[in-house]
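Structural characterization, general
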Amino acid sequence: MRAWSAPEVPRLPGTGLPLRVYDTAGSEVRPLAPGATATMYVCGITPYDATHLGHAATYLVYDVLQRVLRDAGHEVTYVQNVTDVDDPLLERANRDGEDWRELAQRETERFRGDMEALRILPPAHYVGAVEAIGLIVALIERLQDKGATYDIDGDLYFSVASAPRFGEVGSFPYEKMVELAKGMGGDPDRPGKKDPLDPLLWLAQRPGEPGWDSPFGRGRPGWHVECAAIALEHLGDTIDVQGGGTDLVFPHHECGAAHAEVATGAWPFARSYVHAAMVAYRGEKMSKSLGNLVFISALREAGNDPSAIRLALLAHRYRDAWEWSDAEMAAASERLARWRDAVSRPSGPSADALLARVRERLADDLDTPSALLAVDRWAREAVTTGGRDESAPGLVCELVDALLGVRL
């Protein structure tokens, strides 16, 4: 599956700082410390109702993370999936009387367009679940060989008892995990399960639903094993960053880590679990089920500059939940206009200290709000007191583009 076009990223003078991020599994901010090439897997969309602000806020986090790593001298191999066959997609297609494949294709294309407009760096591998069926089947076979699977009426399950470190990603109490599983597509109450938390690996084909041939019968894959198979194939047994929204900590990332641990014997699956907080709207978490979505395409069609949309999202720390309002867009548009006014001048105050400050704040757990405030201060000084450095406006344009993805 193709991704989207990559924006040009200016090269900045000097080298960025080592990145420290909050690791969910360790419950602390600590150095990321990848090798020459950092590896990152971020869970992608189920392609219906794309792209809303919650999506954009999430993928913007890993875009900035990539930019900071590249500025510090690392290469980055980034993988993202598309869950282009799953219950929610099939339910939406049935509701609307549409072929599920056409729905997935259309919404994935809309997502690509929004990501390109927002200047999000694309993944090196953009992989749909359908095209990864062979990889998923192969991983399930490995889990079978380890004795980690069992059958209920033709459906194949993974036994969490086979994963010694199951539960260490989120560190939730057992009762909380059961509650979360119920709310996130699990079936803890199904009769015959060895443990209520055992996730589905392969669902036998139901009437009117798609299916693929496999050694376990005709059917389709579970959600968690999809991401584990794609990540292991393209990034290896242990990766530097597993990313996604906080709603994926359990069961998705917990179960994916368990699949990888049992299949490979390696731990941890991810050295850092970096999660983006939820965005609310009108008092509720922005979600498809609630229908309280603000779409990037609608904001763009209303005439909002994609750089202003980025600034609205960057104004919030990635792991702090927040609520969207129309005032967010107005404030971001005003900020963008002030910055553009400042860099339009023939000279300005030196930008060397600004570059150092932005690098410092982003290296400290992606502190984008403080980075924006630093640019605000430079822009205010450029307008009110001026400066004699003719290279400064150009450097500010480049650093804002390279590190924040905002085009001035």
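For the structure, check the block above.
Residues numbered from 1 in each chain as written. Predicted model: local features only at pLDDT ≥ 70, side-chain atom pairs only at ≥ 80, totals over all residues. Heavy atoms only, no water.

**A short note on the pairing of strand S7 (residues 155-158)**
If a strand is regular, its side chains alternate between the two faces of the sheet. Burial of S7 is two-sided: the residues Asp155 and Tyr157 facing one way and the residues Leu156 and Phe158 facing the other way are all buried. Sheet topology note: the strand S6 (residues 149-152)/S7 ladder contains four bridges and is antiparallel. Looking at the pairing, Ile152 lines up with Asp155 of S7. What sits between S6 and S7 in their antiparallel hairpin is a turn of two residues, with Asp153 showing a positive phi close to 55°. Here S7 runs beside strand S8 (residues 200-204); their pairing, made up of two bridges, is antiparallel. Counterpart to Tyr157 in the pairing with S8 is Leu200. (Buried < 20%, exposed > 50% of the residue type's maximum accessible area, 1.4 Å probe, protein only. Helix = DSSP H or I, 4+ residues; strand = E, 2+ residues; numbered from the N terminus. Pairing = 2+ DSSP bridges.)

**Description of the sheet that holds strand S5 (residues 125-128)**
Read from one edge of the open sheet, five strands run S5-S4-S3-S10-S11, paired in parallel fashion. What marks the edges here is a single partner per strand, and that holds for S5 and strand S11 (270-276). On average, each strand axis in the sheet is inclined to that of its neighbour by 20°, with strand direction left out of account. Bridging between strand S3 (residues 37-42) and strand S4 (residues 75-82) involves six bridges; their strand directions are parallel. Across the sheet, the residue bridging to Met40 is Tyr78, located in S4. Where helix H1 (residues 53-71) meets the sheet, its contacts fall on S3, S4, strand S10 (239-245) and S11, and the angle it forms with S4 comes to roughly 165°. (Axes fitted to C-alpha atoms, helices over the stretch in contact; angles between N-to-C directions. Contact = heavy atoms within 4.5 Å.)

**Considerations on the packing of helix H6 (residues 223-235) against helix H7 (residues 249-264)**
Close contact between H6 and H7 brings their axes to 8 Å; oriented N to C, the two are set at 55°. Taken as axis vectors, H6 and H7 run oblique relative to one another. The crossing of H6 and H7 is right-handed. Residue-level inspection shows Trp223, His224, Val225, Cys227, Ala228 and Leu232 of H6 in contact with H7, the latter providing Pro251, His252, Cys255, Gly256, His259, Ala260 and Thr264. (Parallel < 35°, antiparallel > 145°, perpendicular 65-115°, else oblique. Left-handed = near helix turned anticlockwise from the far one by under 90°.)

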